[in-house]
Amino acid sequence: MKLFTKPETKMKQWITVLLLFVPLCAMAQAPDDEKIDLAINNASSPFYYPTLMERYRQGDDKLTTEDYRHLYYGYLHQSTYDPFTSVPQMDSIIVLLMHDPDLVPDDYERLIYFGSKVMESDPFNPRVLNVMTYAYSVIGDEENAAKSARRFNGVMDAILSSGEGNKENSPWHILYFNHAEDVMDQFNIQYHKPVIVSRTTEFFRLIKRAGNTRGYYFDYGRIYTRRPDAVPQQQERRWQINDRVL
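The notes below deal with the structure included here.

### Here's the deal with the environment of Tyr 134
Then step 1. With respect to the helices, strands and loops of the structure, Tyr 134 is situated in helix H6 (residues 126-138).
Then step 2. Since its relative accessible area comes to 4%, Tyr 134 is described here as buried.
Then step 3. With 26 residues separating them in the primary sequence, Tyr 134 and Tyr 108 have C-alpha atoms 8.8 Å apart.

### Some thoughts on the side chain of Arg 69
Then step 1. Relative to the elements of secondary structure, Arg 69 occurs in helix H3 (residues 65-74).
Then step 2. Residue class for Arg 69 comes out buried when judged on its relative accessible area of 9%.
Then step 3. A distance of 3.0 Å separates a polar atom in the side chain of Arg 69 from the backbone oxygen of Gln 29.

### Notes on unusual backbone geometry
Then step 1. For the bond from Asp 100 to Pro 101, the omega torsion is 15 degrees, close enough to zero to count as cis.
Then step 2. Counting through the fold element by element, Pro 101 comes out in the loop between helix H4 (88-97) and helix H5 (105-121).
Then step 3. The backbone of Asn 188 sits at a positive phi, close to 55 degrees, despite the residue not being glycine.
Then step 4. Structurally, Asn 188 can be placed in the loop between helix H8 (177-186) and strand E2 (195-196).

### Considerations on H5
Then step 1. The terminal C-alpha atoms of H5, which comprises 17 residues, lie 26 Å apart, in line with the 24 Å expected from a rise of 1.5 Å per residue.
Then step 2. Restricting attention to buried positions, one finds in H5 the residues Asp 107, Tyr 108, Leu 111, Ile 112, Phe 114, Gly 115, Val 118 and Met 119.
Then step 3. Taken together, the buried residues of H5 touch helix H2 (49-57), H4 and H6.

Thresholds, definitions, all that
Residues numbered from 1 in each chain as written. Predicted model: local features only at pLDDT ≥ 70, side-chain atom pairs only at ≥ 80, totals over all residues. Heavy atoms only, no water. Helix = DSSP H or I, 4+ residues; strand = E, 2+ residues; numbered from the N terminus. Buried < 20%, exposed > 50% of the residue type's maximum accessible area, 1.4 Å probe, protein only. Polar contact = N/O pair within 3.5 Å; in protein donor to acceptor, adjacent residues only side chain to side chain. Expected span 1.5 Å × (residues − 1). Contact = heavy atoms within 4.5 Å.

So far we have only geometry, and geometry alone does not tell us how the molecule works.
In structure tokens form, the structure reads like this:
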């Protein structure tokens, strides 16, 4: 049986590490880009970006949701932020995962290597953090698996704290298009192909309602701060393993 299929195909479970998914924040608030920019550039601020980023890379377990909000949305103001650049190592990760669960230890080391390369340009990529947690766990490196899981949960927490999600006027805010798919896939619920409902907002309609929620909204307006004249384009769904987009 192939382990690399199109989204509509059911697949064998491959993620073996349980990653906690934080609850929706009742006091969700859209990030204030101006205030975040001021804070992360103030050397006397607890949110000074170089310090926060170093703590993030070290897997600091003392980082709070507010820290992660400044890390994630503060990345918008970093010179390395380029949401339109494709990273070839992501393709290398996908090729390797095509052969899971028949990978050998060296393959998991390669997953970690390629994941680290992806994170040089997209340091908060949820799907890569997920894969790296899995790879570290398989090779028995529980310390780094825990650090990667903390990063994953912290990033998710930051995004979910940026809005209620189920209202167009209170969407979740993202810095990369694929981060919306990453968030949705963690709910383990089925949804229709996302549609653009405004110049900066995308809607993921659920196939089956969750209570009174018929779907979730994502604001990707920050992506176009690098190319303000660009017109949003509907993206094709990528291939998945076990209904998780890669």
